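# Examination of the molecular architecture
Listed below are the residues making up each chain.
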Amino acid sequence: MRESIRLGHIAGIRVGLNVSVLVIVVILVFGLAFGRFPEVYPDHATWAYLVAGLISAILLLASLLAHELAHAVVARRNGVEVEGITLWLLGGVAQLRGEPRTSGADLRIAIVGPVTSLVVGAVFAVLATLAAAVDGPGLVVGTLAYLAGLNVILAVFNMIPAAPLDGGRVLRAFLWWRRGDRTGAAVTAARAGRVFGLTLIALGFVQFVIGAGFGGLWLALIGFFLVTAASAEEQQTRVQAALHDVRTADVMTRDPLVMDAETTVQELINNVVLTHRYSTYPLVENGRLAGLVTLNRVRATPPDQRHALRLADIACPPDEVPTAAPDELLTDLLPRMEGCTDGRAVILDEAGHVLGLITASDIARALQTAELRAAPRPDQGTWPS
């Protein structure tokens with residue numbers, strides 16, 4: 001989930017919102033203000049219910065943020081780089097670059113989220129108890145108790161042993177420690193996540209058929225997300241296993257065609273695009289990387305402006321171009337190959353000069369050759385199943 005709104009940084013970690021989070025805010029506010037709260041705590045003004053619903057939604061997002069921040073902080077302390085946190089329709093995502101190096105680190109990063117939710121739930125429960133003890137308004141007590149219950153439910157649900165839930169990460173860490181095989185442990189946790197997701201989809205469909213309505217659709221939506229995420233996680237695990245010892249220099253396309261940043265778009269089209277088969281053009285200025293232009297960015301320029309537009313005007317900015325050293329592991333680079341470069345990365349030497357490019361085609365070839373390297377030679381017999 002990409003962020004749509006940047007909120008800032010907390011503890012040095014970027015925090016943002018995906019626009020889909022507005023859906024859950026609207027559902028919560030109106031569901032509480034015109035459903036649960038008036039039914040349980042009658043005789044209040046409509047504005048009071050709306051305020052209580054809005055506060056509940058904001059505090060729930062703050063609770064989700066605390067959950068993800070706990071993951072991010074512990075991940076960083078265990079040597080895993082954190083790109084940022086994004087809150088979205090179905091909760092929050094802490095975007096980690098790389099994987100824990102040990103099963104112990106994996107366990108610590110996974111378990112801290114549900115523990116944080118339990119602590120936050122306990123805080124809301126204590127506040128609700130104190131508010132009730134001093135005869136506070138029932139609506140205030142109810143709002144705090146509702147948030148306490150939601151956080152406990154969040155912790156319990158996340159501890160289900162199915163990836164990508166935190167419980168799936170805990171399962172992966174345990175199996176990794178027990179078997180000594182991280183790849184096998186991750187695949188098992190991902191398959192458990194897929195089974196759990198399919199179960200939720202089936203339950204949601206049954207609820208919808210028997211008249212449960214929106215609740216069944218919501219359950220099916222969560223199940224669909226889990227199935228999709230678990231499948232992607234299994235695929236990512238297999239890719240990382242196949243490329244675990246491959247370095248960027250092993251797969252990069254060397255000596256790419258570099259362009260001057262002051263070159264116009266039309267000059268690039270006339271002199272390069274129409275006469276060569278390149279689709280990616282690193283820009284250089286004073287010998288240093290100044291951006292990256294792809295064929296898609298060239299095609300997106302208005303034809304009547306191509307004589308005036310410079311490549312620097314349409315390029316992906318240098319600070320947004322994924323870069324790596326030639327001896328960096330390819331698996332460490334892969335999570336960064338996203339954004340405005342259309343899945344490309346630039347390999348630089350120590351002086352910052354362009355050495356090569358890595359594209360999706362290079363990665364696909366690396367995967368294919370990894371399979372060939374793993375295959376047994378005739379004189380080796382066959383690998384054990």
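Scroll up to find the structure.
Structural notes, computed from the coordinates. Everything quoted here is computed from the prediction, not taken from an experiment.

### Some words on the packing of helix α5 (residues 166-179) against helix α6 (residues 182-209)
- In contact at an axis separation of 8 Å, α5 and α6 are set at 150° when each is read in the N-to-C sense. Between α5 and α6 lies a crossing whose hand is right-handed. The residues of α6 that touch α5, namely those facing Gly-168, Leu-171, Arg-172, Leu-175, Trp-176 and Arg-179, are Arg-182, Gly-184, Ala-185, Ala-186, Thr-188, Ala-189 and Ala-192.
- A per-class count over the contact of α5 with α6 returns seven nonpolar, three polar and three charged.

### Thoughts on the sheet that holds strand β6 (residues 259-260)
- Read from one edge of the open sheet, three strands run β6-β7-β8, paired in mixed fashion. One side of each edge strand has no neighbouring strand; the edge strands of this open sheet are β6 and β8 (288-294).
- In the sheet, β6 pairs with strand β7 (residues 280-285) via two bridges, with the strands oriented parallel. When the sheet's bridge partners are listed, Met-259 is paired in β7 with Leu-283.
- Each of β6, β7 and β8 is contacted by helix α9 (residues 265-273), which is oriented at about 120° to β7, the strand it contacts most.

### Notes on unusual backbone geometry
- The omega torsion across Ala-163 and Pro-164 is 10°, close enough to zero to call that bond cis.
- The topology assignment puts Pro-164 in the loop between α4 (138-158) and α5.
- Backbone geometry at Ala-11 places phi at a positive 55°, although glycine is not the residue there.
- Its location among the elements puts Ala-11 in the loop between β1 (5-10) and β2 (13-17).
- The phi dihedral of Asp-43 is positive, around 70°, even though this residue is not glycine.
- Position of Asp-43 among the secondary structure elements: in the loop between α1 (21-40) and α2 (46-77).

### Some points on the pattern of salt bridges
- Counted according to the given criterion, the structure contains 11 salt bridges.
- Ionic pairing is found between Arg-310 and Glu-262, a salt bridge with its closest N-O pair at 2.8 Å. A residue pair is termed long-range when its members are at least 10 positions apart, and Arg-310 in the loop between α10 (295-299) and α11 (311-314) and Glu-262 in the loop between β6 and α9 qualify at 48 residues.
- Under the relative-accessibility criterion, Arg-310 is labelled partly exposed at 29%.
- Residue Glu-262 is classed as partly exposed on the basis of its relative accessible area, which comes to 42%.
- The structure contains a network of salt bridges with shared partners spanning Glu-99, Asp-106, Arg-172 and Arg-182.

### Looking at the pairing of β7
- Handedness of the crossover is the feature at issue here: the chain leaves β6, passes through α9, returns alongside β7, and the resulting connection is right-handed.
- One ladder, built from six bridges, connects β7 with β8; its direction is antiparallel. Each bridged residue has a counterpart across the sheet, and for Leu-283 the counterpart in β8 is Gly-291.
- Hairpin connection from β7 to β8: two residues lie between these consecutive antiparallel strands, with Asn-286 at a positive phi of about 55°.

### A few points about α2
- With 32 residues, α2 extends 47 Å between its outermost C-alpha atoms, agreeing within 8% with the 46 Å of an ideal straight helix rising 1.5 Å per residue.
- The positive-phi residue at the C-terminal boundary of α2 is Gly-79, with phi of around 85°.

### Notes on α1
- The end-to-end C-alpha separation of α1 is 26 Å, in line with the 28 Å expected for 20 residues at 1.5 Å each.
- If you look at α1, its biggest bend is around 50°, right at Leu-32.
- Listing the buried residues of α1 in full gives Val-21, Ile-24, Val-25, Leu-28, Val-29, Leu-32, Ala-33 and Phe-37.

### Structural notes on the nonpolar core
- Membership of the largest hydrophobic core comes to 44 residues, with the highest contact counts inside it found for Leu-28, Phe-37, Ile-85, Leu-87 and Leu-139.
- At the level of secondary structure, the elements contributing two or more residues to this core comprise β2, α1, α2, β3 (81-88), α3 (103-133) and α4.
- At 13 residues, the largest contribution of residues to this core is made by α2.
- Counting 16 residues, the second largest nonpolar core, distinct from the first, contains Ala-261, Tyr-281, Leu-283 and Ala-290.

### Structural notes on the sheet that holds strand β10 (residues 345-348)
- Strand order in the open sheet formed by four strands is β5-β11-β10-β9, and the pairing between neighbours is mixed. Each edge of the open sheet is held by one strand with a lone partner, namely β5 (253-254) and β9 (323-324).
- Judged from the four bridges that link them, β10 and strand β11 (residues 354-358) form a sheet pairing that is antiparallel. Directly across from Leu-348, in β11, lies its bridge partner Val-354.

So, how was this worked out
- Residues numbered from 1 in each chain as written.
- Predicted model: local features only at pLDDT ≥ 70, side-chain atom pairs only at ≥ 80, totals over all residues.
- Heavy atoms only, no water.
- Axes fitted to C-alpha atoms, helices over the stretch in contact; angles between N-to-C directions.
- Helix = DSSP H or I, 4+ residues; strand = E, 2+ residues; numbered from the N terminus.
- Left-handed = near helix turned anticlockwise from the far one by under 90°.
- Contact = heavy atoms within 4.5 Å.
- Nonpolar A, V, L, I, M, F, W, Y, C, P; charged D, E, K, R; others polar.
- Pairing = 2+ DSSP bridges.
- Salt bridge = Lys/Arg side-chain N within 4 Å of Asp/Glu carboxyl O.
- Buried < 20%, exposed > 50% of the residue type's maximum accessible area, 1.4 Å probe, protein only.
- Right-handed = clockwise from strand over helix to strand, strands pointing away.
- Expected span 1.5 Å × (residues − 1).
- Bend = angle between axes of the 7 residues up to and from the residue.
- Core = buried A, V, L, I, M, F, W, Y, C linked by side-chain atoms within 4.5 Å.

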